[in-house]
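Architecture at a glance
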Amino acid sequence: MTAPLLEVRALSTGYGRTPVLHQISIELGQHRRIGLIGPNGHGKTTLLRAISGLIAPWSGDIFLEGISIAGADPAKIVAAGLIHVAQANALFPHMTVAENLRLGAYNKRARAKSGETLDQVYALFPKLRERRRQDCRTLSGGERQMVSIGAALMAQPQILMLDEPTLGLSPKLKTELCSAIERISESGVPTIVVEQDINFMLRLTDYFYLIHQGQVTAEFRADQSLDNQKIMDMYLGLD
Amino acid sequence: MAWIDAILAAAQPILVSGIVLASLYALMATGLALVWNTLGIFNFSHGIFMTLGAFVAWQFADARGYGLGLSVGIAVSVAALAGLGVLFNRVLIAPFLGRKDIVLVAVMTTLAGAFFLENSALLTWGPRIKQLERILPGNIKLMGSAISLHEFLIIILAPLVLLALWAFLKWTRPGSAIRAVGQNRDSALLLGIRVNAIYALTFAISAALAGGAGVLLGAIRFITPTMGTEPLLKAFIVVILGGLGSFGGTIVSAYLVGFMEAISTYFFGAYWTQAVMFGLFIVILVVLPRGLMGRD
Amino acid sequence: MAQPERFIWPLVLVCLAALPLVNADSYLRHVVIVCLLYASLVSSWNLTLGVAGLFNFGHMAFFAIGAYAAAITTQTFGLSPWIGFPIAVASSLVASVVICLPVLRLKGIYVVLVTFAFGQLCYQVVLNQRDITGGTFGIVSIPPLELFGYSFAENLNLGYYYAALILLVLSTAYVKRLIASEFGRSVIALRDNETYAVSRGVAAARNRLLIFAASGLFPGAVGALYAFYVRSASPDLFGFSLITLGLSMLLVGGIGTLWGPLIGAAVLTVVSELMADLGPARYLVIAVMIVAVLRFFPGGLAGAGLPLARLFRRVTGKPLEQET
């Protein structure tokens, strides 16, 4: 059995003196589309931030293709291809869509291919091509999310982590974005998605973890014949 | 019609001195604004950077220093100030960036830094006044009044430098990275931008701009350890008036302030002008905390 | 509260009071007087900077205004210095209210800039009104304070010594009482969590005005005494150097602690005097001290940190609000 693509092993961390994650473990490898679900404030975002290097772990480890990246410099993690799209991200509000996307290809690996990738991003999100000369702060929530994801794609991700990509969007936009993410997965990029919407979660992932109070309390395969209602009950019953 | 003549007669020297002042303020204020926009701190040492720019240039250029000529002096000065900016960031800003009260802490560390550097300058070069050579000797006639070529050069050079800076920020990778870091540090990190290096670069550019302004000023004013204090305070006024966060606002405001000062000095004299400018500063801050074009 | 603590400060006070009786070194006397004056000055700065959490950088200007008010009253207008004192205090109070008005609803860096600009504004006015203030040269040759024929300068400035000591005791007691009062608590509440405090009925603007005014009371008196002691008032008092020096005392001693300013003033004055031979170089040391304290001992000597500081801490370290 080969080493998993990304492995978080017994990770504990928090902010200041407040612990948030308690020896949490998840794995991306056997399943190439995994999800994190759970109530707000219970550590999903913190976990992603620890993986991408924005927060330092207190204990435990994180392995990217077998190499430890716990506490590594975010720039190195990006260079290795692990790209994190943060939640409700306004990216760079006073720069145009085109500038934002171009910045996505900042890292060396991505720079060479940036022209080609830009075309792919515009193909995926035609609205962005229309608005490419507009400042990001003038865009709607949905369009901003597209820019965030687009910039992440420009970075040539080997693994893509999305934190609540459809948060705060209208149902129509949610579906649109969900389809786009499905297409990204289909193109072969392994993904970790944090989502509140169970239905989307089931569409976008093969396997997901239920995170409650900084710990994994349940794991499911998305194709298990568990119906949505049961999962919702488990999910809501925890609060 | 005599009053029209009077206005016209007054207009020329006012216009000229106004533009010269404005050009220098634009250089100073832009450096200050750059650091504020990118790092979120207000650098109280910006004035001493200007002073040191003049001193270092003098040291290398003047016969009583190393006598290597003005070109060498200027080149060394700009390079040295850029290096100083990097060092400054490393020692006085970077270690404190995580703190909640970083703005206040940075005021204190940069104030301490200014204190340190000003007294170092005093120790190294002494209080006796010095002056740099003008870049271009002689005068020319501009709009009917004579102005030194050096001052004329300032008027031309400042917008060119600022244009170059703008182009750098807009079109180059490191320039875009600087803008990005100022707008969303986390996103910049997540795209692989080395934020610490960007901070160092920003400080280097800021210090070099101040140093350059110092070199230009050093030829038309006297070089003393405290020569940068007043320009620093003017830069404060310019940056706030223009609105923190707006590059264009800073430049517009620099020219406005330069002219206001020139007009006021002509009609009310230098001493009152200073007081009036500060009073104006306070009023602006109260009425329009975001300045003319601010967006923070 | 541990037993030793309760005795240390009264002990220090007794020592200070007794010092002139056992020591006749005029230089030491001078150093201690300056130290006492700085301590009073800086302790009221704690009210805005430390307790209210407001970045008031005009505090030193209150002091300078007090000094000039006293000097002008006596020299330019020829009145008695004992009229100079209340005028100095009044001027400082007025200044503190005036400076507060623009920053009533401002935050963070804007408060720094406005209060700082105010100080510079005063400086410019002082330079300008040469006839009244002596311009760049300031006011000199102020005669020494006299009370019923007894000159304060007699016996190696004995009168000034005790005046400074009394002023320090008064200002410290004042700060202490203020913090313990209901007003003090509301200021602290505002600092710690403004939205919550306001929702509980604390009037933010009024509070801010009052704390500024409260902090402006003593600097005027200290300024006056200082002017009468050094017998002059110069524009330097408005400069960067004094602000930096005062700030360093607050930082080294510990912002927001009751005894921090005293410790800070003592340390800095001693250090400054010890290094007097070095000339401007001593300012380099002070600058380094500021940064070092900020970096490694954010609580100052009266806060957490060194083992020596831990000794201090047992005696002094509690934040102002816990002192009472």
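Just above sits the structure.
Notes on the structure follow. Quick caveat, the model's predicted, so the values are computed rather than measured.

Moving on, we come to the packing of aromatic side chains. Going through the model one piece at a time under the given rule, you end up with 22 aromatic pairs over all chains. Summarising the aromatic geometry, the rings of F55 of chain B and W125 of chain B are spaced 4.6 Å apart at their centres and angled 15 degrees between planes, so their arrangement reads as stacked. Taken together, the positions of F55 of chain B in helix α2 (residues 46-61) and W125 of chain B in helix α4 (residues 102-125) put the pair 70 residues apart, joining distant regions of the chain. In this pair, the class of F55 of chain B matches that of W125 of chain B, namely buried. Here the aromatic residues W36, F42, F44 and F236 of chain B together with F116 and F240 of chain C are joined through ring pairs into a cluster of three or more. One cation-aromatic arrangement involves R282 of chain C over Y283 of chain C; the distance from NZ or CZ to the ring centre is 5.4 Å.

Quick look at the interface of chain A and chain B now. How big an interface is tends to be stated in terms of accessible area lost as the parts join. The interface of chain A with chain B comprises 24 residues on the first partner and 18 residues on the second. In total, chain A and chain B occlude about 2,000 Å² of area from one another, counting both sides; carbon and sulfur atoms represent 60% of this. The largest share of the area that chain A buries against chain B comes from F92, H94 and Y106 of chain A, three residues that together contribute 31% of it. At the junction of chain A and chain B, the tally comes to four salt bridges. The partner of D73 of chain A in a salt bridge is R194 of chain B, and the shortest N-O contact between them spans 2.8 Å. Between chain A and chain B we count six residue pairs in polar contact (both at pLDDT 80 or more) in total. Of all the elements in the fold, those that place two or more residues in the side of chain A that touches chain B are α1 (44-52), α2 (74-79) and α3 (97-104) of chain A. Ranked by residues supplied to the side of chain A that touches chain B, first place goes to α2 of chain A with four residues. Here the residues of the side of chain A that touches chain B are counted per class, giving 13 nonpolar, six polar and five charged.

This paragraph deals with the packing of helix α3 (residues 59-76) of chain C against helix α11 (residues 217-230) of chain C. Residue and element names in this part refer to chain C. Where α3 meets α11, the axes come as close as 7 Å, and the angle between the chain directions of the two elements is 50 degrees. Of the possible angle classes, the one that applies to α3 and α11 is oblique. Considering the relative orientation of α3 and α11, their crossing is right-handed. On α11, the residues touching H59, F62, F63, G66, A67, A70 and T74 of α3 are P219, G220, V222, G223, A224, Y226, A227 and F228. Of the residues belonging to the contact of α3 with α11, the class tally is 10 nonpolar, five polar and no charged.

Here we come to the side chain of T46 of chain A. All names here are of chain A. Mapped onto the secondary structure, T46 falls in helix α1. Using a relative accessible area of 7% as the deciding quantity, one classes T46 as buried. Once you skip the residues sitting within four places of it in the chain, T46 turns out to touch T13, Y15, V20, L21 and I55.

What follows covers the sheet that holds strand β7 (residues 159-163) of chain A. All names here are of chain A. Sheet architecture is open: six strands sit in the order β6-β7-β8-β3-β9-β10, paired in mixed fashion. One side of each edge strand has no neighbouring strand; the edge strands of this open sheet are β6 (82-85) and β10 (215-221). Ignoring which end each strand starts from, the neighbouring axes of this sheet average 15 degrees apart. Examined bridge by bridge, strand β9 (residues 207-212) and β10 share six bridges and lie antiparallel to one another. Across the sheet, the residue bridging to Y207 is R221, located in β10.

Here is what the cut-offs are and how they apply
Residues numbered from 1 in each chain as written. Chains lettered and ligands numbered in written order. Predicted model: local features only at pLDDT ≥ 70, side-chain atom pairs only at ≥ 80, totals over all residues. Heavy atoms only, no water. Phe/Tyr/Trp six-rings, centres within 6.5 Å; stacked < 30°, edge-to-face > 60°. Helix = DSSP H or I, 4+ residues; strand = E, 2+ residues; numbered from the N terminus. Buried < 20%, exposed > 50% of the residue type's maximum accessible area, 1.4 Å probe, protein only. Lys NZ or Arg CZ within 6 Å of the ring centre and 35° of its normal. Contact = heavy atoms within 4.5 Å. Buried area = accessible area lost by both parts, 1.4 Å probe. Salt bridge = Lys/Arg side-chain N within 4 Å of Asp/Glu carboxyl O. Polar contact = N/O pair within 3.5 Å; in protein donor to acceptor, adjacent residues only side chain to side chain. Nonpolar A, V, L, I, M, F, W, Y, C, P; charged D, E, K, R; others polar. Axes fitted to C-alpha atoms, helices over the stretch in contact; angles between N-to-C directions. Parallel < 35°, antiparallel > 145°, perpendicular 65-115°, else oblique. Left-handed = near helix turned anticlockwise from the far one by under 90°. Pairing = 2+ DSSP bridges.

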